[in-house]
Amino acid sequence: RFVVHTDCLRRVRKRLRSLGSLERQLLKAALERLETYETVAEVARKAEEAAELVRDGNTVAFTGAGISVSCGIPDYRGTTGVDAREELGHAAGEDVGTPADGNEETETDYGALRPSRTHLLLADMERSGYLSYTISQNCDHLHRRAGTSPQKLTELHGNVFVEYCEDCWVEYERDYEVDLYSTNCYKEKWFVECDTCGHGHYTGRLCDECGGKLKDTIINFGDNLHARVLGGLDKAEEMSRRASCVLCLGSSLQVTPACTLPLMGGSLVVVNLQATALDRKSTVRVHAEADLFMSLLWEALRNPKQSATDLSAGGGRGREEAAEMLRDVSVSGRKRSTNSRAASGISGRTRSKRKKTM
């Protein structure tokens, strides 16, 4: 795993034209995966710019897989993500933080995960009036666990702990992962193969209100996004259009139609280590871990009179924590712990690879 400073990256890009065709193609392919880091002082300065945008209007957060990496869930397009491992053909058993088969679904115990600093601070921003709504591409339940209000949250790609009635739309939040009883339970009597994704969605349970069949909320590749369930796409579009500022955190902004939502709002703040599809349209572009940026943003919102130069002097508890986090990242890289799932008596429950977070 390579860490490159943004100044070095600019120098590399300038050399592209002087390279031959093959060398240029290879370098471009490498740059697509490259993760670049700005200095803490630079991130602090940009966090203050973002804080001004947040204070001035109606802010919506748009989150992707990157904000859950520190919780123990692998991302996909990161340098050690699931997609990168597959493309590089890593040998089985290599200890880079993901299962040998490249499938985080069969190993990650979602019930044991705890929210990251980003999840917690987004919930704090909502309670403090700085954040009006959160739109997430993640299915890990961590926004809710952190304290984000379900009424101010759209989970575009589903939630592993929520099922809903196909007739009356009532939602049920469980303390277990409902899709264990739906996805690949081919031998169960309630299994019905979905025409669009090829998996199952029925969980075998019935609605307490009307007796209708319950389905998981997971959006697999090929499925349409829910219009009403878990906040729904309709609500996400409405809140995006109202937004004067959209905070995009830990997302490559490549998955459609979700990636079109940030463009419906006003100013765009993009925080991601890798390049995104909306970099050139961003008002503020930050190359940093989401946890670091959010710590600095929260400090800037709480103490608007402090400047970015205070960071080097150790000013502010949030900035001290941010600097410590960056040191941890630089030395040890991302922490990716996974837990083996306890065996279940249900037949045919092993999940195939489905990308839940983008």
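Residues numbered from 1 in each chain as written. Predicted model: local features only at pLDDT ≥ 70, side-chain atom pairs only at ≥ 80, totals over all residues. Heavy atoms only, no water.

A. View of the overall build of the chain. On a plain count of helices and strands, the chain comes out with nine helices and 12 strands. For the chain, the residues scored as buried account for 54% of the 358 residues in total. Across the chain, the fraction of contacts at a sequence separation of at least 24, relative to all contacts at a separation of at least 6, is 65%. (Helix = DSSP H or I, 4+ residues; strand = E, 2+ residues; numbered from the N terminus. Buried < 20%, exposed > 50% of the residue type's maximum accessible area, 1.4 Å probe, protein only. Contact = heavy atoms within 4.5 Å.)

B. Geometry of the pattern of salt bridges. On inspection of all chains with the given rule, the structure shows 12 salt bridges. A salt bridge links Glu 163 to Arg 205; the nearest nitrogen and oxygen atoms lie 2.9 Å apart. Of this pair, Glu 163 sits in strand E6 (residues 162-165) while Arg 205 sits in strand E8 (residues 202-206), and the two are 42 residues apart along the sequence. Accessibility expressed as a relative area gives 0% for Glu 163, which makes it buried. Between Glu 238 and Arg 242 there is a salt bridge, with its nearest N and O atoms 2.6 Å apart. You can see Glu 238 and its partner Arg 242 sitting in helix H7 (residues 232-242), four residues apart, about one turn around the helix. For Glu 238, a relative accessible area of 31% puts it in the partly exposed group. Residues joined in a network through salt bridges with shared partners are Glu 42, Arg 45 and Glu 49. (Salt bridge = Lys/Arg side-chain N within 4 Å of Asp/Glu carboxyl O.)

C. Fine view of the environment of Cys 71. As for its position among the elements, Cys 71 is in the loop between strand E3 (59-63) and helix H4 (82-88). Remark: the alpha-carbon pair of Cys 71 and Tyr 110, spanning 39 residues in sequence, is separated by 9.8 Å. Excluding its chain neighbours within four sequence positions, the residues that come into contact with Cys 71 are Leu 113, Arg 114, Pro 115, Ser 116, His 119 and Leu 142.

D. Examining the pairing of strand E10 (residues 245-249) more closely. The element E10 is extensively covered by neighbouring structure, given that five of its five residues are classed as buried. One ladder, built from five bridges, connects E3 with E10; its direction is parallel. By the bridge assignment for E10, Val 60 is matched with Val 246. Of the strand pairs in this sheet, E10 and strand E11 (residues 267-271) are connected by five bridges, and their pairing is parallel. Following the sheet pairing, Val 246 is matched in E11 by Leu 268. (Pairing = 2+ DSSP bridges.)

E. Geometry of the packing of helix H5 (residues 117-127) against helix H8 (residues 290-302). Relative orientation of the contacting elements H5 and H8 amounts to 30°, with a least axis distance of 8 Å. One element, H5, and the other, H8, form an angle in the roughly parallel class. Seen from above, H5 lies across H8 with left-handed handedness. Contact residues: Arg 117, Thr 118, Leu 121, Leu 122, Asp 124 and Met 125 in H5; Ala 290, Asp 291, Met 294, Ser 295, Leu 297, Trp 298 and Leu 301 in H8. Across the contact of H5 with H8, the residue classes break down as eight nonpolar, two polar and three charged. (Axes fitted to C-alpha atoms, helices over the stretch in contact; angles between N-to-C directions. Parallel < 35°, antiparallel > 145°, perpendicular 65-115°, else oblique. Left-handed = near helix turned anticlockwise from the far one by under 90°. Nonpolar A, V, L, I, M, F, W, Y, C, P; charged D, E, K, R; others polar.)

F. Quick look at the packing of aromatic side chains. All told, the structure shown has four aromatic pairs when counted by the stated rule. Look at Tyr 130 and Trp 298: their rings are 6.4 Å apart centre to centre, the planes differ by 90°, and that puts the pair in the edge-to-face class. One end of the pair, Tyr 130, is in the loop between H5 and strand E4 (133-136); the other, Trp 298, is in helix H8, with 168 residues separating them in the sequence. Owing to a relative accessible area of 10%, Trp 298 belongs among the buried residues under this scheme. Here Tyr 186 and Phe 191 contribute two aromatic rings whose centre-to-centre distance is 4.8 Å and whose plane-to-plane angle is 65°, an arrangement assigned as edge-to-face. (Phe/Tyr/Trp six-rings, centres within 6.5 Å; stacked < 30°, edge-to-face > 60°.)

G. Looking closely at the packing of helix H3 (residues 40-55) against H8. Orientation of H3 relative to H8, taken along the N-to-C sense of each, is 55°, at an axis distance of 8 Å. Classified by the angle between their axes, H3 and H8 sit oblique to one another. Helix-helix and strand crossings are classified by hand; for H3 and H8 the assignment is right-handed. Contacts between H3 and H8 involve Val 40, Val 43, Ala 44, Lys 46, Ala 47, Glu 48, Ala 50, Ala 51, Val 54 and Arg 55 from the former and Leu 292, Phe 293, Leu 296, Leu 297, Ala 300 and Leu 301 from the latter.

H. Local environment of the nonpolar core. Membership of the largest hydrophobic core comes to 29 residues, with the highest contact counts inside it found for Met 125, Val 269, Phe 293, Met 294 and Leu 297. At the level of elements, H3, H5, E10, E11, strand E12 (284-286) and H8 are the ones that each hand at least two residues to this core. A total of nine residues in this core trace back to one element, the largest contributor, which is H8. Grouped together as the second largest cluster of nonpolar side chains are 19 residues, Ile 135, Ile 219, Ala 258 and Leu 278 included. (Core = buried A, V, L, I, M, F, W, Y, C linked by side-chain atoms within 4.5 Å.)

I. Broad picture of the pairing of E3. By the criterion of burial, E3 is predominantly enclosed, with five of the five residues buried. The two faces of E3 match: Thr 59, Ala 61 and Thr 63 on one face and Val 60 and Phe 62 on the other face are all buried. Bridge count for E3 against E4 is four bridges, and the pairing is parallel. In the sheet register, Val 60 faces E4, and the bridge partner there is Tyr 133.

Shape descriptors only; they carry no functional weight alone.
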